[in-house]
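If you want the building blocks of each chain, they are given just below.
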Amino acid sequence: MPNGSNPDPRLAEGLDPGLVAFVDDITAAYGRFPSFPTLNNESRRRVAEAVRAPWARGGPILYRSVNRVISQMRVRIHMPAPGPLPALIYLHGGGWTFFSLDTHDRLMREYASRAGITVIGVEYPLAPETRFPNQLTLLADLVRLLANRGEDWGIDPTKLAIGGDSAGANLALATALTLRESNYGDALCGLLLNYGAFDARMRSESHRLFADGRYLLGGVEMKTLWSNYIREPGQRTDPFVSPILADLTDLPPTFMTITDLDILRDENLALKSNLEAAGISVAGGIYPGSVHSFLEAVSVSALAGQALDDGAAWLRERLHARA
């Protein structure tokens, strides 16, 4: 509560108390910089990196974290123990436009430590300089390379999953669809989808409810980010842009972390239903009181810690148990 007599209306709306400091800190941090509309993309990226930097600090100390270049992209390989180990390819969020290996460093280390797997963070090219479908081509090539030569980087190539958050979850699912269409779907044994952007039409009730951005992601911002990624408006209904519209058959088992107070909530719930209708095993679900990006708040939020534990347990079972 801000004071003794005025309860925080966000708590009444269902915001988890452990996330109040995260929401307030991110909001205040952006307020210390010039307004985004006055900045060019490079300046906006520098601001976004500075705002997220405190939340990427701390966390597990691993056996090894190294930077490499694989399939024309910079990657960061987090290993909790000597390899070869099963691996999660992780794609950071940021609306295809922002963030990096650094902003998501702790999140990736948390998965590596909790699941006992290697996590390969990918610095894919950002929009609007690079647009759909170029990222998917590069990412599919990366998966194929790891599936064929994973031992070169201490990875068990028979035990690969791909995942990400927000725009990264969109890219992870679209990459899995791309691989399936090229008869390479068996390269993946799991998908980890954290509060992804799956419907560029932006028509859901949660978009209306949370459009003002009070829980970190707003409607105007999301519209801009989609426009950065696609080349022309007609691509909004391309199933590789909006996987909610895709044929989802023959995809690997999936874990979904779905946020509650988030414009993307309803499209995540709809995607979960669509996956299940297509015969795909889906674990996870909605985390009451959560907000967009809440996994990054693990240093202050028990809810984030629980969601990470749930996803890590699923990854451990999928990747370590696969014959």
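Residues numbered from 1 in each chain as written. Predicted model: local features only at pLDDT ≥ 70, side-chain atom pairs only at ≥ 80, totals over all residues. Heavy atoms only, no water.

**Student:** How should unusual backbone geometry be read in this particular structure?
**Tutor:** In this structure, Pro128 follows Ala127 across a cis peptide bond, with omega equal to 5°. Considering the arrangement of structural elements, one finds Pro128 in the loop between strand S4 (118-123) and helix H5 (134-149). Geometrically, the link from Phe132 to Pro133 is a cis peptide bond, its omega value of 5° lying close to zero. The backbone phi angle of Leu216 is positive, close to 85°, even though this residue is not glycine. Backbone geometry at Ser293 places phi at a positive 75°, although glycine is not the residue there. Here Ser293 is to be found in the loop between strand S8 (282-291) and helix H10 (302-321). Since its relative accessible area comes to 6%, Ser293 is described here as buried. (Helix = DSSP H or I, 4+ residues; strand = E, 2+ residues; numbered from the N terminus. Buried < 20%, exposed > 50% of the residue type's maximum accessible area, 1.4 Å probe, protein only.)

**Student:** Can you help me understand the environment of Leu308 in this one?
**Tutor:** You can see Leu308 is positioned in helix H10. Sequence separation between Leu308 and Thr38 is 270 residues, and the spatial gap between their C-alpha atoms is 36 Å. With residues up to four places along the chain from it excluded, the contact list for Leu308 reads Leu107, Glu110, Tyr111, Arg114, Leu295 and Val298. (Contact = heavy atoms within 4.5 Å.)

**Student:** Is there a simple way to explain the sheet that holds strand S1 (residues 64-70) in this structure?
**Tutor:** Read across the sheet, 8 strands follow the order S1-S2-S4-S3-S5-S6-S7-S8 without closing on themselves; strand pairing throughout is mixed. Each of the sheet's edge strands pairs with one partner strand only, and the pair in question is S1 and S8. Between one strand and the next, the sheet's axes are offset by a mean angle of 20°, whatever the strand orientation. In this structure, strand S5 (residues 155-165) lies alongside strand S6 (residues 191-194), joined through 4 bridges in parallel fashion. Looking at the pairing, Gly164 lines up with Leu193 of S6. Packing of helix H9 (residues 265-277) onto the sheet brings it into contact with S6, strand S7 (254-261) and S8, and relative to S7 it is tilted by some 150°. (Pairing = 2+ DSSP bridges. Axes fitted to C-alpha atoms, helices over the stretch in contact; angles between N-to-C directions.)

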